[in-house]
Amino acid sequence: MTSKQPATKPGGAAAGMESGWMATGHMLSGVAVWAVIGGLVDWWLGIPSHIGLVVGMLVGAAAAIYLIVKRLGSS
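Residues numbered from 1 in each chain as written. Predicted model: local features only at pLDDT ≥ 70, side-chain atom pairs only at ≥ 80, totals over all residues. Heavy atoms only, no water.

I'd like to hear about the overall build of the chain, residue by residue, with values.
What the chain contains, in helices and strands, is 2 helices and 0 strands. As displayed, the chain offers around 6,100 Å² of accessible surface, 73% of which is attributable to carbon and sulfur atoms. (Helix = DSSP H or I, 4+ residues; strand = E, 2+ residues; numbered from the N terminus. Areas by Shrake-Rupley, 256 points an atom, 1.4 Å probe, with all protein chains shown as cover.)

Describe the environment of His 26, with residues and values.
Position of His 26 relative to the elements: it lies in helix 1 (residues 13-45). Setting aside anything within four residues of it in sequence, one finds His 26 in contact with Ala 64, Ile 68 and Arg 71. (Contact = heavy atoms within 4.5 Å.)

Lay out helix 2 (residues 51-73) with the relevant residues and their values.
Along its 23 residues, helix 2 runs 32 Å from first to last C-alpha, staying within 8% of the 33 Å computed at 1.5 Å per residue. For helix 2, every residue scored as buried is listed here: Gly 52, Gly 56, Gly 60, Ala 61, Ala 64 and Ile 68. The inward-facing, buried residues of helix 2 contact helix 1. (Expected span 1.5 Å × (residues − 1). Buried < 20%, exposed > 50% of the residue type's maximum accessible area, 1.4 Å probe, protein only.)

Provide a residue-level description of the packing of helix 1 against helix 2, including the pertinent values.
The geometry of a pair of packed helices is captured by two quantities: the angle between their axes and the separation between those axes. Helix 2 packs onto helix 1 with a crossing angle of 155° between their chain directions and a minimal axis gap of 7 Å. Between helix 1 and helix 2, the crossing angle belongs to the class labelled roughly antiparallel. As for how helix 1 packs across helix 2, the hand of that crossing is right-handed. (Axes fitted to C-alpha atoms, helices over the stretch in contact; angles between N-to-C directions. Parallel < 35°, antiparallel > 145°, perpendicular 65-115°, else oblique. Left-handed = near helix turned anticlockwise from the far one by under 90°.)

Before we move on, could you go through the side chain of Asp 42 and cite the residues and values that matter?
Positionally, Asp 42 belongs in helix 1. The side chain of Asp 42 is buried and forms no salt bridge, while Arg 71, the nearest opposite charge, is found at 29 Å. With near-sequence residues (within four places) excluded, Asp 42 lies in contact with Ile 47, His 50, Ile 51, Gly 52 and Leu 53. (Lys, Arg positive; Asp, Glu negative; His and termini not counted. Salt bridge = Lys/Arg side-chain N within 4 Å of Asp/Glu carboxyl O.)

Could you give an account of the UniProt feature "transmembrane region" (unreviewed entry) in the chain, naming the residues involved and the relevant values?
Look at the UniProt record and you will see "transmembrane region" (unreviewed entry) annotated at residues 21-45 and 51-69. Within the segment residues 21-45, helix and strand shares are 100% and 0% respectively, and the terminal C-alpha atoms sit 36 Å apart. Regarding residues 51-69, the helix share stands at 100% and the strand share at 0%, and the terminal C-alpha atoms are separated by 27 Å. (UniProt positions renumbered as here; feature names shortened; annotations may be inferred.)

Describe a nonpolar patch on the surface, with residues and values.
The grouping of Val 33, Trp 34, Val 36, Ile 37, Leu 40, Val 41, Trp 43, Trp 44, Leu 45, Ile 51, Val 55 and Val 59 at the surface amounts to a nonpolar patch, some 1,200 Å² of accessible area in total. Within the residue set of the nonpolar patch, elements represented by two or more residues are helix 1 and helix 2. Sort the elements by how many residues they give to the nonpolar patch and helix 1 lands first, with 9 residues. Within the secondary structure, Ile 51 sits in helix 2. (Patch = residues over 30% accessible without salt bridge, like charges linked within 9 Å, V, L, I, M, F, W, Y side chains within 5 Å.)

Here you go:
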């Protein structure tokens, strides 16, 4: 007996899900890493209003969006 496996297309639903998880991971890690860096800058400079934290989160989001567009735009 032979086992029948469903035919899958390259770049099908699994590739789309992989791209979605990759984009989500880039966004979360970019914001988290740069938020920590911004928080450390706040602590180091003694800024009480957490401006470095907010700026770090914005820089992380922008860098993550850039990487996502660069990686997914070429496929």
